[in-house]
Amino acid sequence: MDDQLVLFDRRFLESYAGNRLLGDARAALIELIANCWDAGARRVDIDWPEHTGPGLIRISDNGHGMTEEDFRRRWMTLAYDRVQDQGLYAEFPPGVDLPRRPAFGRNGQGRFAAFCFGNTYVVHTWRDGQEVTFDVRKGTDAPLSIRKSSSEPRDGSGTEIELTCESMPLSRQKVRAEIGMRFLTDPNFEVYVSGEKIRFDDLPEGYLHTEGIVVDALGTAYVTVIDIHDTDRTSRQHGIAWHVQGRLVGECSWRYFHDQAFIDGRRTAAKRYTFIIRADFLVDSVRSDWSGFKSEDLTFEAANERTSEWIRQYLLDATADKRKETFDDISATHQSTLRKMGPLSRSKWSRFVQAVQAECISISEKDVAQLAGILARLEISHSKYGLLGKLHEMDALQLHELYKLLEDWTVDMAKIVLDELKTRMLLLDELQKKVMDTNTQEVQELQPIFERGLWIFGPEFETIEFTSNRGMTTVIQDIFGSAQKGSRNRPDFVILPDSTVGLYSYPLYDEDGAESGVLISTLN
């Protein structure tokens, strides 16, 4: 009997690629341009009809292109791992010398974006002197149906996708605006729509704001804010980009230069805003390969401090409503704890949490909520904020070690162990003093210490059931609750009439403290 092949329902693509990619023309268009970016293209040409009826869309780039083998592997592999196969950065065509460019793609879903415009599309791709053409359509028994239609010689490298659309879902001006809001961060990546280069002027009014920031006597940095008035799926096309003399320095990212996160990438603002800083006076501060600025360069440090301050304030003003919404949610979550506080304590808690929101914009909303819960519990505790003072005194390494400690131990367990260690150290100190004192009485003073420190004599005495040095009077009073006195002899065993006697085994240890057998003890 032949093996049964895997079957795919007609809804598989919608489930796998997501409705956002297959049902949102704007998201699909951005994904197709991102594919050109990842291919190391410097220029993308888009033919987009102006009318709203049926039309042909072409998206062509001058990136590295693909061989037939490359195309089949990348297009026919579901959940294609781009990072594993091609790395984290775009591959530029031979002879192109540009700073490294982080790739947007990760799992190969971009190839499905074209299906947002129709059920079929054509791919022309060329490199190594050969162009191959494939017809791609939604499959019936498989997600994709690919047919090679031609192969012919062609110089250079690149890829072109042709899409036949029954009706244009976006106007040409809307296309220019959507692309411009996400792909103007790198001057080395140019996009043309119907022969016209996309510029900042293509962004709608209210989506773009530019302000000059004077940096001491060094010069003026011009900060351009792009606000898409929405949120993208990820923050990869957003962040802070530095331009010097028309070139991108380093990468556009919320994590840049000193590897410090300016804002948490999971926040809404990180998926909405882009800041482009044009500072030509920093030309002497740029590294020779344009991968970033020179370390400890005072000119850049001054510019970075001044512009970061401005961007931080801009984000605070722009996200005030969102912060209030988050604060209200946090307050509702910890309402039961807040009720236990007095008005003054609650006011202090509110000011503290709001200050964290304002001053630590890189912290995620989830972490703010967790911190707020800790502060609320501290406020009603006896120690108040003394714990924060202790944490403030620790350096980064000590805080890391504390985190590792709390991963392995609960606070209650650590306290039990530390209390026991403290007790034993005090006992050893007391024992040393008594032994060195010639006036110490053996029975009255030393023996009680030895009883509490039997662990000194070996691990076999490490048990709370072990007792010794009990006189008959003590036994009678403890067991029977009687004031009657007994003899001065110490009993070996005390067994009540209605009791049973059992044998319990404890480990036997050698001189090095290792288990070497079984020690039989009689217990009642």
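Predicted, not measured: the structure shown is a model, and the values here were computed from it. Counting of residues starts from 1 at the beginning of each chain's written sequence and follows it residue by residue. Totals for whole chains, interfaces and linings use every residue, but because this is a predicted model, local features are given only for residues with pLDDT of at least 70 and side-chain atom pairs only at 80 or more, for both listing and counting. Only heavy atoms go into the side-chain values, all of them from the structure, while hydrogens and water stay out.

1. Some words on the pairing of strand 10 (residues 219-227)
Phase 1: As defined by bridge partners, strand 9 (residues 208-215) adjoins strand 10 across eight bridges and the pair is classed as antiparallel. Within the sheet, the bridge partner assigned to Glu211 lies in strand 10 and is Val223.
Phase 2: Between strand 9 and strand 10, which pair antiparallel one after the other, the connecting turn spans three residues, and Asp216 there sits at a positive phi close to 45°.
Phase 3: Only when DSSP finds a minimum of two bridges between them are two strands counted as paired. In DSSP terms, a helix is any run of H or I states spanning at least four residues, a strand is any run of E spanning at least two, and both are numbered starting from the N terminus. With six bridges joining them, strand 10 and strand 15 (residues 273-278) adopt antiparallel strand pairing. Counterpart to Thr224 in the pairing with strand 15 is Ile276.

2. Some points on the nonpolar core
Phase 1: The term nonpolar core refers to a set of buried residues drawn from Ala, Val, Leu, Ile, Met, Phe, Trp, Tyr and Cys, joined through side-chain atoms within 4.5 Å. Exposure is judged per residue with a 1.4 Å probe applied to protein chains only, and the accessible area is read against the type maximum: over 50% gives exposed, under 20% gives buried, and values in between give partly exposed. Core analysis: the biggest nonpolar cluster contains 56 residues, and Ile33, Trp48, Phe117, Val136 and Ile179 have the highest contact counts within it.
Phase 2: Excluding anything up to four places from it in sequence, Phe117 contacts Ala25, Ala28, Leu29, Leu32, Trp48, Ile57, Leu163, Thr164, Cys165, Glu166 and Pro169.
Phase 3: Core analysis: the next-biggest nonpolar cluster, separate from the first, contains 30 residues, Trp242, Ala302, Leu315 and Leu316 among them. The contact criterion used is simple: two residues touch if any of their non-hydrogen atoms lie within 4.5 Å.

3. Some thoughts on the side chain of Ser285
Phase 1: Position of Ser285 relative to the elements: it lies in the loop between strand 15 and helix 7 (298-318).
Phase 2: Judged by relative accessible area, which is 3%, Ser285 ranks as buried.
Phase 3: For Ser285, the residues in contact, after removing those within four places along its chain, are Phe293, Lys294, Asp297, Thr299 and Phe300.

4. Observations regarding the packing of aromatic side chains
Phase 1: Here is the rule: rings of Phe, Tyr and Trp (six-membered ring for Trp) pair when centre to centre is within 6.5 Å. Planes less than 30 degrees apart are stacked, more than 60 are edge-to-face, and the remainder are tilted. In this structure the tally under the stated criterion is 18 aromatic pairs.
Phase 2: Seen in terms of ring centroids, Trp242 and Phe293 are 5.5 Å apart; in terms of plane orientation they differ by 80°. Their pairing is edge-to-face. One end of the pair, Trp242, is in strand 11 (residues 239-244); the other, Phe293, is in the loop between strand 15 and helix 7, and 51 residues separate them in sequence. In this structure, Trp242 and Phe293 share a single accessibility class: buried.
Phase 3: Through a chain of ring-to-ring contacts, the aromatic side chains of Trp254, Tyr273, Phe275, Trp310 and Tyr314 assemble into a single cluster.

5. Examining the pairing of strand 11
Phase 1: Counting buried positions along strand 11 gives six out of six residues, so the element sits mostly inside the fold.
Phase 2: Sheet topology note: the strand 11/strand 15 ladder contains five bridges and is parallel. Considered in strand 15, the bridge of Ala241 is made with Ile276.
Phase 3: As paired elements, strand 11 and strand 12 (residues 247-253) share four bridges and run antiparallel to each other. Within the sheet, the bridge partner assigned to Trp242 lies in strand 12 and is Val249.
Phase 4: Connecting strand 11 to the antiparallel partner strand 12 that follows it, the hairpin turn spans two residues, and Gln245 within it adopts a positive phi of roughly 50°.

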